[in-house]
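# Summary of structural features
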Amino acid sequence: MVSTEMDGTSARVTLGSLTDEVVATKFRYLKTTGETVETVVLSSEKEVLLPNAQQWKYYEYQSAFCAAEGIDTVWTGNWMRSPYPIASRVDDKTATVTVTDNQIRGSFMPNLILDGIKDDGNSRWFSSNDASYRGLFPKILVIDTKRNGDNAMTFNHFVFYQDPDPDRQDKRFIKNVDIFIGDTKFNPNDTNNYSRSFGDPVATLSLNKFDPIQETVLKEPKRGRYVAIVFLDSHDKSGFIDLWELDAFGFVSNSAN
Ligand SMILES: [Ca+2]
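Because the structure is predicted, anything quoted here is derived from the model rather than measured. (Residues numbered from 1 in each chain as written. Predicted model: local features only at pLDDT ≥ 70, side-chain atom pairs only at ≥ 80, totals over all residues.)

### Thoughts on the overall build of the protein chain
- Summing up its helical and strand segments, the protein chain has one helix and 19 strands in all.
- Taking all 257 residues of the protein chain together, the buried fraction comes to 34%. (Helix = DSSP H or I, 4+ residues; strand = E, 2+ residues; numbered from the N terminus. Buried ≥ 20, exposed ≤ 12 C-beta atoms within 10 Å, placed from the backbone.)

This is the structure we're talking about:
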């Protein structure tokens, strides 16, 4: 299982590459109704939807094998627990998003990166177009999930969405990015000292201009109320950053069992 995340009311399981011998996989999961159900999928599926899955719960799975020369299909017999609970996006109804002062262009407000709208140019954060500010780095974006302590999310996956138009690759400005997670409020104006005061980044990534959707999966998921996305530079000479959506996926391990 590469990742499992809520997509609407279903959990989407991304299977990655299975061996040729796997002919089917069974899933057992908890629905929002409280009922536990099983579903079987063929190994050719790359993704599986678990309808009406309860978010932040573990699920179980087992695979059926067919030896190369054999006829019999053999279930492995043991249910395996998913590596992580089913993750969900940060709830944009409760979370707030702030950015470094003077880094908002017109109506392109930072909270629009969490609204679930990934392909509409009216729903994005765009950094300053003012000559005094646009070339300044880092630009820091801070998400406050408003979830504390045991109720805070453990983050495991971030997906960046930029301009989806294939003819506008030159409008995909994001380049080097550090991601921080913590329980102490990050100050988006701490641009000189952030590398000391924010702790160690949980991810460091470098985005290209060719793919509108780029992601990072954390090697070690981390729990925290706050997420800081630090944009270190830009592919653009003027220094623009233009982020249409950020999927910050995580789970509340306190409710996982
Ligand atoms: Ca958006």
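Structure's up, so let's keep going.
### Remarks on the pairing of strand β2 (residues 10-14)
- Burial along β2 is one-sided: A11 and V13 are buried, and none of S10, R12 and T14, which face the opposite way, are.
- Both strand β1 (residues 3-7) and β2 contribute to a ladder of five bridges, which runs antiparallel. Each residue of the ladder has a partner; that of S3, found in β2, is T14.
- Hairpin connection between β1 and β2: a loop of two residues separates the two successive antiparallel strands, and G8 in this loop has a positive phi of roughly 65 degrees.
- Across five bridges, the pairing between β2 and strand β5 (residues 47-51) is antiparallel. The residue of β5 that forms the bridge with V13 is V48. (Pairing = 2+ DSSP bridges.)

### Description of the domain arrangement of the protein chain
- Each domain of the protein chain was delimited in the assignment, giving domain 1 (3-86) and domain 2 (90-255).
- Each of domain 1 and domain 2 has a C-alpha centre, and these two points are 31 Å apart.
- Considered class by class, the residues forming the side of domain 1 that touches domain 2 number four nonpolar, one polar and one charged. (Domains from an automatic or database assignment. Nonpolar A, V, L, I, M, F, W, Y, C, P; charged D, E, K, R; others polar.)

### A closer look at unusual backbone geometry
- The omega angle of the peptide bond from F137 to P138 is 0 degrees, so this bond is cis rather than trans.
- Note that P138 resides in the loop between β11 (125-126) and β12 (139-144).
- Even without glycine at this site, N102 takes up a positive phi of about 65 degrees.
- Structurally, the position occupied by N102 is in the loop between β10 (96-99) and β11.
- We classify N102 as partly exposed; it has 14 C-beta atoms within 10 Å.

### Some points on the sheet that holds β2
- In spatial order, the strands read β1-β2-β5; together these three strands make up an open sheet with antiparallel pairing. Taken across any chain shown, the strands that pair with only one partner, and hence form the sheet edges, are β1 and β5. Between one strand and the next, the sheet's axes are offset by a mean angle of 25 degrees, whatever the strand orientation. (Axes fitted to C-alpha atoms, helices over the stretch in contact; angles between N-to-C directions.)

### Examining the sheet that holds strand β19 (residues 245-251)
- Strands sit in the order β9-β19-β13-β16 across an open sheet of four strands; the sheet is antiparallel. Either end of the sheet is taken by a strand with one partner, and the two such strands are β9 (88-89) and β16 (213-223).
- As judged from the seven bridges shared by strand β13 (residues 154-161) and β16, these two strands associate in the antiparallel manner. The residue bridging F155 from the neighbouring strand is K222, located in β16.

### A closer look at the nonpolar core
- In terms of nonpolar packing, the biggest core is built from 55 residues, with V227, A228 and I229 touching the most fellow members.
- Those residues in contact with A228, other than ones at most four positions away along the chain, are I140, V142, F180, F186 and F198. (Core = buried A, V, L, I, M, F, W, Y, C linked by C-beta atoms within 7 Å. Contact = placed C-beta atoms within 7 Å.)

### Focus on the environment of S238
- Assignment of secondary structure puts S238 in the loop between β17 (226-231) and β18 (242-243).
- Sequence separation between S238 and G135 is 103 residues; the distance between their C-alpha atoms is 5.7 Å.
- Setting aside chain neighbours within four positions, we find S238 in contact with R134 and G135.

### Concerning the pairing of strand β3 (residues 22-30)
- The sheet contact formed by β3 and strand β6 (residues 60-66) spans six bridges and is antiparallel. The residue of β6 that forms the bridge with K26 is Q62.
- Hairpin connection from β3 to strand β4 (residues 36-42): five residues lie between these consecutive antiparallel strands, with G34 at a positive phi of about 95 degrees.

### Focus on the environment of Q103
- In this structure, Q103 sits in the loop between β10 and β11.
- By the C-beta count within 10 Å, which is 23 here, Q103 ends up buried.
- Excluding its chain neighbours within four sequence positions, the residues that come into contact with Q103 are S127, S128, Y133 and K139.

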